[in-house]
Amino acid sequence: MRLECTIYLRVDVLHAARPDVQRRGGPNTRGGMKLSLYPRPHGRDEVEAAFRRYWRIGAVAEKWSDWALRSFTADVVYVERIYGTLNGRDAVHHWITALMANNGNLRAILDWYAIDGGRVTLGMTNRYEHPDGQSEPLDFAGLTILDYAGDGRFRYEEDWWDL
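Predicted model only: the values in this text are computed from it and were never measured. (Residues numbered from 1 in each chain as written. Predicted model: local features only at pLDDT ≥ 70, side-chain atom pairs only at ≥ 80, totals over all residues. Heavy atoms only, no water.)

What to know about helix H4 (residues 89-101)
Inference 1: With 13 residues, H4 should cover 18 Å at 1.5 Å per step; its first-to-last C-alpha distance of 18 Å lies within 8% of that length.
Inference 2: Those residues of H4 that sit buried are Arg89, Val92, Trp95, Ile96, Leu99 and Met100. Buried residues in H4, looked at end-on, bunch into an arc of 130°, giving them a common side. Set apart from the buried face of H4 by more than 90 degrees, the exposed residues are Asp90, His94 and Ala101.
Inference 3: In this structure, the buried residues of H4 make contact with helix H3 (64-71), strand S3 (72-80), strand S4 (84-87), strand S5 (106-116) and strand S8 (153-161). (Helix = DSSP H or I, 4+ residues; strand = E, 2+ residues; numbered from the N terminus. Expected span 1.5 Å × (residues − 1). Buried < 20%, exposed > 50% of the residue type's maximum accessible area, 1.4 Å probe, protein only. Arc of directions from axis to C-beta. Contact = heavy atoms within 4.5 Å.)

This is how it looks when you write it as structure tokens:
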């Protein structure tokens, strides 16, 4: 199995430290050399389709039980900066269904996403609607990293919140 991924090594930084290293660039190198970082055993279309399903089932349809059961591998590691690390799909399922049952006034708006090999990074705006229905909602940014495992499922998720 061949694994591919991309990082950009800043040759100008390397050259400053090692003037004996010859500068070489190429197409799409941004002044550096294109090297590998994240595994690419799956095609971009497959990873993007899995991400779109992940987002549609959870944030759009709010079917959190289905989201947990259909989006993750049985041995997923889910790092949540407020609630801690969850190990396994069953733990994620229990946590998210209980959490969202008590937080029906929370919405997520996808701002952007990027795919590099099997890694999806996304930014979102989370919106808590005020319970009185008249006051301004509370918006806060979120960042999520997902690692794709294949078969439409992710093996790792890590979330950050700007609260």
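Some thoughts on the layout of surface pockets
Inference 1: The volume enclosed by the largest pocket comes to roughly 490 Å³.
Inference 2: As for the largest pocket, its lining consists of 29 residues, of which Ile96, Met100, Leu106, Asn126 and Trp161 are closest to the centre.
Inference 3: Secondary structure elements with two or more residues in the lining of the largest pocket: helix H2 (44-60), H3, S3, H4, S5, strand S6 (119-128), strand S7 (138-150) and S8.
Inference 4: Tallied by class, the residues present in the lining of the largest pocket amount to 20 nonpolar, 4 polar and 5 charged. (1 Å grid on protein atoms, 1.4 Å probe; cavity = no way out; pocket = protein on both sides within 12 Å on 5 of 7 lines; lining within 4 Å. Points joined across faces, edges and corners; volume = space filled by probe spheres on them. Nonpolar A, V, L, I, M, F, W, Y, C, P; charged D, E, K, R; others polar.)

Here's the deal with the side chain of Arg119
Inference 1: Examined against the element boundaries, Arg119 turns out to sit in strand S6.
Inference 2: Given a relative accessible area of 19%, Arg119 falls into the buried group.
Inference 3: At 2.8 Å, the side chain of Arg119 forms a polar contact with the side chain of Asp147. (Polar contact = N/O pair within 3.5 Å; in protein donor to acceptor, adjacent residues only side chain to side chain.)

Considering the nonpolar core
Inference 1: Residues Trp67 and Phe154 are the most contacted members of the largest nonpolar core, which totals 28 residues.
Inference 2: The set of elements that each furnish at least two residues to this core consists of H2, H3, S3, H4, S5, S6 and S7. (Core = buried A, V, L, I, M, F, W, Y, C linked by side-chain atoms within 4.5 Å.)

Structural notes on the confidence of the model for the chain
Inference 1: When pLDDT is averaged along the chain, the result is 82; 75% of the residues meet or exceed 70.
Inference 2: Contacts for the low-pLDDT stretch residues 1-30, under 50 throughout, to residues beyond four places or in other chains number 52 contacts. (pLDDT = per-residue confidence, 0-100.)

Some points on H2
Inference 1: Taking 1.5 Å per residue, 17 residues should reach 24 Å; H2 reaches 22 Å between its end C-alpha atoms and fits that length.
Inference 2: Those residues of H2 that sit buried are Val47, Glu48, Ala50, Phe51, Tyr54, Trp55, Ile57, Gly58 and Ala59.
Inference 3: For H2, the elements touching its buried residues are H3, S3, S5, S6, S7 and S8.
Inference 4: Backbone geometry just downstream of H2 places Glu62 in the positive-phi region, at approximately 55°.

Some details on the packing of H2 against H3
Inference 1: Contact geometry for H2 and H3: axes closest at 8 Å, N-to-C directions at 160°. Taken together, the axes of H2 and H3 are roughly antiparallel relative to one another. When the axes of H2 and H3 are compared, the crossing they make is left-handed. Contacts from Arg53, Tyr54, Ile57, Gly58 and Ala59 of H2 reach H3 at Trp64, Asp66, Trp67, Arg70 and Ser71.
Inference 2: Residue classes in the contact of H2 with H3 are distributed as 5 nonpolar, 2 polar and 3 charged. (Axes fitted to C-alpha atoms, helices over the stretch in contact; angles between N-to-C directions. Parallel < 35°, antiparallel > 145°, perpendicular 65-115°, else oblique. Left-handed = near helix turned anticlockwise from the far one by under 90°.)

Some points on the sheet that holds S8
Across a sheet, strands are paired by hydrogen bonds formed along the backbone, either parallel or antiparallel in direction.
Inference 1: Read across the sheet, 6 strands follow the order S4-S3-S8-S7-S6-S5 without closing on themselves; strand pairing throughout is mixed. Both outer strands of the open sheet, S4 and S5, are each paired with one neighbouring strand and no more. Here the average twist between neighbouring strands, direction ignored, is 15°.
Inference 2: Of the pairings in the sheet, the one linking S3 to S4 comprises 4 bridges and is antiparallel in character. Note that in S4 the partner of Tyr78 across the bridge is Leu86.
Inference 3: Along the sheet face, H2 touches S3, S5, S6, S7 and S8 and points at about 175° away from the line of S5.
Inference 4: Across the face of the sheet, H4 comes into contact with S3, S4, S5 and S8 while running at roughly 55° to S3. (Pairing = 2+ DSSP bridges.)

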